[in-house]
Amino acid sequence: MAIERTLSIIKPDATRRNLTGKINAKFEDAGLRIVAQKRIHLSPAQAGKFYEVHKDRPFYGELVEFMASEPVVVQVLEGENAIAKNREVMGATNPANADAGTIRKEFALSVGENSVHGSDAPETAKEEIAFFFSGLELVG
Ligand SMILES: Nc1ncnc2c1ncn2[C@@H]1O[C@@H]2COP(=O)(O)O[C@H]2[C@H]1O
């Protein structure tokens, strides 16, 4: 199985409630290694650019406003099959549909305030990691 890297964001609803450590424990317990991490406050322009793929969706404005409302923790997770594994640990986008034990089932407040983001495929993982981290910040 391939060792992959994926981009994860702990969203404002979770940083606000001091859940960063509990969420990171879920990643580590699943065998994902946090190889880079920083806490930043996105501007609306930066959040809008990151979520550009959703710009025609009805929730885009709300999503951008939320992601720029308070600090987030952006991180790179590494491990075997990290992209799929992270998505498993996060649970379904809408917490109402998330399995027991997943981050979104335990912590998410709604489909919008759903505590975490994770890349959905190898190509997007590469782009999303490069959006937030320089090569110098990524320890091999
Ligand atoms: N119906 C919706 N209303 C508000 N936000 C949504 C809706 N559907 C998806 N989103 C958000 O859009 C985000 C896009 O990718 P994320 O994995 O970060 O998680 C998603 C949700 O937080």
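In this text, all values refer to a predicted model and were calculated from it rather than measured experimentally.

**What to know about the site of the ligand**
Reasoning step 1: Lining the immediate surroundings of the ligand are K11, Y51, H54, F59, E62, L63, T93, R104, V111, G112, N114 and H117.
Reasoning step 2: Contact distances for the ligand include 2.9 Å between an oxygen atom and a backbone N or O atom of V111.
Reasoning step 3: Here G112 contributes a backbone N or O atom positioned 3.2 Å from an oxygen atom of the ligand.
Reasoning step 4: Coverage of the ligand by the protein amounts to 78% of the 450 Å² it exposes when considered alone.

**A word on the UniProt feature "binding site: ATP" (unreviewed entry) in the chain**
Reasoning step 1: Those places that UniProt annotates as "binding site: ATP" (unreviewed entry) correspond, in this numbering, to K11, F59, R87, T93, R104 and N114.
Reasoning step 2: Relative to the helices and strands, K11 is located in the loop between strand 1 (3-10) and helix 1 (12-16).
Reasoning step 3: If sequence neighbours within four positions are ignored, K11 has contacts with Y51, F66, M67, V72, G112, N114, S115, V116 and H117.
Reasoning step 4: Note that T93 resides in the loop between helix 5 (82-90) and helix 6 (103-107).
Reasoning step 5: Contacts of T93, omitting those with residues within four sequence positions, involve R104, V111 and N114.

**Observations concerning the sheet that holds strand 4 (residues 116-118)**
Reasoning step 1: Across the sheet, which stays open at both edges, the four strands sit in the order 2-3-1-4 with antiparallel pairing between neighbours. Bordering the open sheet on either side are strand 2 (33-40) and strand 4, each of which pairs with just one other strand. For this sheet the average axis-to-axis angle between neighbouring strands, irrespective of direction, equals 20 degrees.
Reasoning step 2: Bridging between strand 1 and strand 3 (residues 72-80) involves eight bridges; their strand directions are antiparallel. Counted as the bridge partner of I10 is V73 from strand 3.
Reasoning step 3: Sitting on the sheet, helix 5 touches strand 1, strand 3 and strand 4, and the angle it makes with strand 1 is about 35 degrees.
Reasoning step 4: Strands in contact with helix 7 (residues 122-132) are strand 1, strand 2, strand 3 and strand 4; relative to strand 1, the strand with the most contacts, it is inclined by about 55 degrees.

**Some remarks on the nonpolar core**
Reasoning step 1: Core analysis: the biggest nonpolar cluster contains 20 residues, and L7, I9, M67, F132 and F133 have the highest contact counts within it.
Reasoning step 2: Of all the secondary-structure elements, those providing two or more residues to this core are strand 1, strand 2, helix 3 (44-50), helix 4 (60-67), strand 3 and helix 7.
Reasoning step 3: Those residues in contact with F132 that sit more than four places away from it in its chain are L7, I9, K38, I40, L42, F50, V74 and E137.
Reasoning step 4: One finds L19, L32, I103 and V116 within the second-largest nonpolar core, a separate group that totals 14 residues.

**Side note on the UniProt feature "active site" (unreviewed entry) in the chain**
Reasoning step 1: Under the UniProt annotation, "active site" (unreviewed entry) lies at H117.
Reasoning step 2: Here H117 lies in strand 4.
Reasoning step 3: Residue classification places H117 among the buried residues on the basis of a relative accessible area of 12%.
Reasoning step 4: Look past the residues within four positions of H117 in its chain and what remains in contact with it is L7, S8, I9, K11, F50, Y51, M90, R104 and E128.

Quick notes on the rules
- Once a new chain begins, its residue numbering starts again from 1 and follows that chain's sequence as written.
- Totals for whole chains, interfaces and linings use every residue, but because this is a predicted model, local features are given only for residues with pLDDT of at least 70 and side-chain atom pairs only at 80 or more, for both listing and counting.
- Think of the side-chain values as coming from all heavy atoms in the structure, minus any hydrogens and water.
- Proximity criterion: a residue is near a molecule or strand once any of its heavy atoms comes within 4 Å of it.
- Any pair of N or O atoms that falls within 3.5 Å is considered a polar contact. Within protein, one atom must be able to donate a hydrogen and the other to accept it, and sequence-neighbouring residues count only if both atoms are side-chain atoms.
- For the accessible areas, the method is Shrake-Rupley and the probe is 1.4 Å, while residue cover comes only from the protein chains on display.
- UniProt positions are given in the numbering used here, feature names are shortened, and annotations may be inferred rather than shown by experiment.
- Every helix listed is a DSSP run of H or I at least four residues long, and every strand listed is a run of E at least two residues long, numbered separately from the N terminus.
- Residues count as neighbours in contact if any of their non-hydrogen atoms are within 4.5 Å of one another.
- Here, any two strands with at least 2 DSSP bridges between them count as paired.
- Each axis is a line fitted through C-alpha atoms, taken for helices only over the stretch in contact, and angles between the N-to-C directions span 0 to 180 degrees.
- By nonpolar core we mean a set of buried residues, namely Ala, Val, Leu, Ile, Met, Phe, Trp, Tyr and Cys, connected to one another through side-chain atoms within 4.5 Å.
- Only protein chains enter the calculation, and the probe is 1.4 Å; a residue is then buried if its accessible area is under 20% of its type maximum, exposed if over 50%, and partly exposed in between.

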